[in-house]
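Spelled out from the first residue to the last, the chains are:
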Amino acid sequence: MGEGDDHLVARVAQADHEACRELVDRHLGRVVAFAARVLGDPNEAEDVAQEVFTRVWTHARSWTPGRARFSTWLFRVALNLCRDRLARRRELPFEEGFDPADPAASVAAQLEDAEVSRLVTRAVHTLPERQRTALALCHFEGVGNVEAAEIMQVSVEALESLLARARRTLRERLRPLAPELLAGGRQT
Amino acid sequence: MTLERLQLLLDVYGCRVDRWPPADRRAAEALLEVSANARTRLAAARRLDALIDRAVAPVVPSQALRERVLAIAPGGGARARTVRWWRSRPALAAAAGGMALAASLALWLMRAPAPGAPLGSDALAQLGVLDVPTDALLSDTTLGVDDTPVFGCDDPALGCDDVPAEPPQRSGQLVLEKEVAA
């Protein structure tokens, strides 16, 4: 582990371009990945990431070390920008794009890997926004529950409830897609 | 640890036991040793997590995005913008076009005929003389401000002798004359 984020941000405030480069190397990929999970659109995710780092450069001077984790602040800014964009567009309801009850397309073994990936991605993307965000943070980005709750500005209990509902919903939606993968998953 | 508690932990944290709270982790391990049902639930959670992981991998940030982000970063933005300016095709085209226009203008100026001898004093005096006295149109002051211009013509030579030569009276004046006559 190299220099801490707080030190890097302090160097950014001194117009140290090398520190900017290191922050980008360290966090740009995670921000893009997270935004892509929440938005379901890689191009919009890049726009969000650019806006996030624009704010980093702008606010570096006013950053207070130790008050919050830099990554927490980064994800929170990204999440707010994603939510702004989601509010401006109408999300497709789950049933419009994917019918998990369709027996003709319900068995993963009969589908190409790419098709399974596409259907799982769609199932994840069509979760309610807060469940999807909780899953993107904790499952995909490996953020701890306490930090994820801080990013989403909810209690840890609320975050855990969101995660549990997300997994239960996915289990139900993906069961027709891959019954053999989910055998034994009915016990709830 | 009950089966219900185990299922709740699986729903919240997934099968990655290392993410569980330490106290729950130890209790779950004890339950898993003695309960086949618990092991079945853990296996199902592993399958679900594996399926979720098959969601399309998120995009890797493009090099263009990285350059854009660093171009506006403190301490290096101007340099990056300069580099990008030179690499920009539209900018190069605009620069080439500008240089071509400047060269054409210079060539045209060099090949244009030299100006002749300066104008003499007579020629300069002529420049201030107007052949057409346009202000004469404003010199006829025979009409008063209350007069009404004549409409038509009264010149028989022009074939319009049937047109009354007198100007039409204003309606207010006509009414007044009728009242006086009455």
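Below is a summary of the structure that appears in this document. These figures come from a predicted structure and were not determined experimentally. (Residues numbered from 1 in each chain as written. Chains lettered and ligands numbered in written order. Predicted model: local features only at pLDDT ≥ 70, side-chain atom pairs only at ≥ 80, totals over all residues. Heavy atoms only, no water.)

It is worth spelling out the overall build of chain B at this point. From N to C terminus, chain B includes eight helices and zero strands. Approximately 13,400 Å² of chain B is accessible, and the part contributed by carbon and sulfur atoms is 62%. (Helix = DSSP H or I, 4+ residues; strand = E, 2+ residues; numbered from the N terminus. Areas by Shrake-Rupley, 256 points an atom, 1.4 Å probe, with all protein chains shown as cover.)

Time to look at the pattern of salt bridges. Residue and element names in this part refer to chain A. In the structure shown here, the tally under the stated rule is 17 salt bridges over all chains. Here Arg11 ties to Asp16 by a salt bridge, and the two come within 2.9 Å at their closest N and O atoms. We classify Arg11 as partly exposed; its relative accessible area is 24%. Residue class for Asp16 comes out partly exposed when judged on its relative accessible area of 23%. Residues Glu129 and Arg83 are paired through a salt bridge, measuring 3.0 Å at the closest nitrogen-oxygen approach. Placement of Glu129 in helix H7 (residues 129–140) and of Arg83 in helix H4 (residues 70–88) is noted, with a sequence separation of 46 residues between them. Judged by its relative accessible area of 17%, Glu129 falls in the buried class. Given a relative accessible area of 25%, Arg83 falls into the partly exposed group. Taken together, the shared-partner salt bridges in this structure form one network comprising Asp5, Glu22 and Arg26. (Salt bridge = Lys/Arg side-chain N within 4 Å of Asp/Glu carboxyl O. Buried < 20%, exposed > 50% of the residue type's maximum accessible area, 1.4 Å probe, protein only.)

Trans peptide bonds make up most of the peptide bonds, and negative phi angles are found at most residues other than glycine. Residue and element names in this part refer to chain A. Phi at Ala15 takes a positive value of approximately 60 degrees, unusual for a residue other than glycine. With respect to the helices and strands, Ala15 occurs in the loop between helix H1 (5–13) and helix H2 (17–39). The backbone of Gln153 sits at a positive phi, close to 55 degrees, despite the residue not being glycine. As for its placement among the helices and strands, Gln153 is situated in the loop between helix H8 (145–152) and helix H9 (156–174).

Residue and element names in this part refer to chain A. In this structure the tally under the stated criterion is five aromatic pairs over all chains. Look at Phe34 and Phe75: their rings are 5.2 Å apart centre to centre, the planes differ by 85 degrees, and that puts the pair in the edge-to-face class. With Phe34 in helix H2 and Phe75 in helix H4, this residue pair connects regions lying 41 residues apart in the sequence. Grouping residues by exposure puts Phe34 and Phe75 together as buried. Here a set of aromatic residues connected by ring pairs shows up, and it is made of Trp63, Phe70 and Trp73. We note Arg37 situated over the ring of Phe140; from NZ or CZ to the ring centre the distance is 3.7 Å. (Phe/Tyr/Trp six-rings, centres within 6.5 Å; stacked < 30°, edge-to-face > 60°. Lys NZ or Arg CZ within 6 Å of the ring centre and 35° of its normal.)

Here we take up the interface of chain B and chain A. Residue-level contacts link 39 residues of chain B with 49 residues of chain A. Between chain B and chain A, a total of about 3,900 Å² is buried, with carbon and sulfur atoms accounting for 62% of that surface. It is Asp11, Leu51 and Arg54 of chain B in chain B that bury the most area against chain A; as a group they hold 16% of the surface buried on that side. Between Asp25 of chain A and Arg66 of chain B there is a salt bridge whose closest N-O contact spans 2.2 Å. Put simply, chain B and chain A have 15 residue pairs in polar contact (both at pLDDT 80 or more) between them. Among the elements that line the side of chain B that touches chain A, the one with the most residues is helix H3 (residues 36–52) of chain B, at nine residues. Considering only residue class, the side of chain B that touches chain A consists of 21 nonpolar, seven polar and eleven charged. (Contact = heavy atoms within 4.5 Å. Buried area = accessible area lost by both parts, 1.4 Å probe. Polar contact = N/O pair within 3.5 Å; in protein donor to acceptor, adjacent residues only side chain to side chain. Nonpolar A, V, L, I, M, F, W, Y, C, P; charged D, E, K, R; others polar.)

Looking now at the side chain of Arg41 of chain B. Residues and elements named next belong to chain B. The topology assignment puts Arg41 in helix H3. Although Arg41 is buried, it forms no salt bridge, and the closest oppositely charged side chain is Glu4 at an N-O distance of 5.3 Å. Among the polar contacts made by the side chain of Arg41, one reaches the side chain of Gln7 at a distance of 3.2 Å. (Lys, Arg positive; Asp, Glu negative; His and termini not counted.)

Residues and elements named next belong to chain A. Its 19 residues place the ends of H4 28 Å apart at the C-alpha level, agreeing with the 27 Å of an ideal helix rising 1.5 Å per residue. The set of residues buried in H4 consists of Phe70, Ser71, Thr72, Leu74, Phe75, Val77, Ala78, Leu79, Leu81, Cys82 and Leu86. Where H4 is buried, its residues meet H1, H2, helix H3 (42–59), H7 and H8. (Expected span 1.5 Å × (residues − 1).)

This paragraph deals with the nonpolar core. Formed by 80 residues in total, the largest nonpolar core has its most connected members in Val52, Phe53 and Trp57 of chain A. Among the elements that make up this core, the one with the highest residue count is H2 of chain A (twelve residues). (Core = buried A, V, L, I, M, F, W, Y, C linked by side-chain atoms within 4.5 Å.)

Turning our attention to the environment of Val56 of chain A. Residues and elements named next belong to chain A. With respect to the helices, strands and loops of the structure, Val56 is situated in helix H3. Taking the relative accessible area as the measure of exposure, Val56 reaches 2% and is therefore buried. With residues near it in sequence (within four places) discarded, Val56 still touches Leu23, Phe70, Trp73 and Leu74.

The analysis is restricted to geometry; functional conclusions fall outside its scope.
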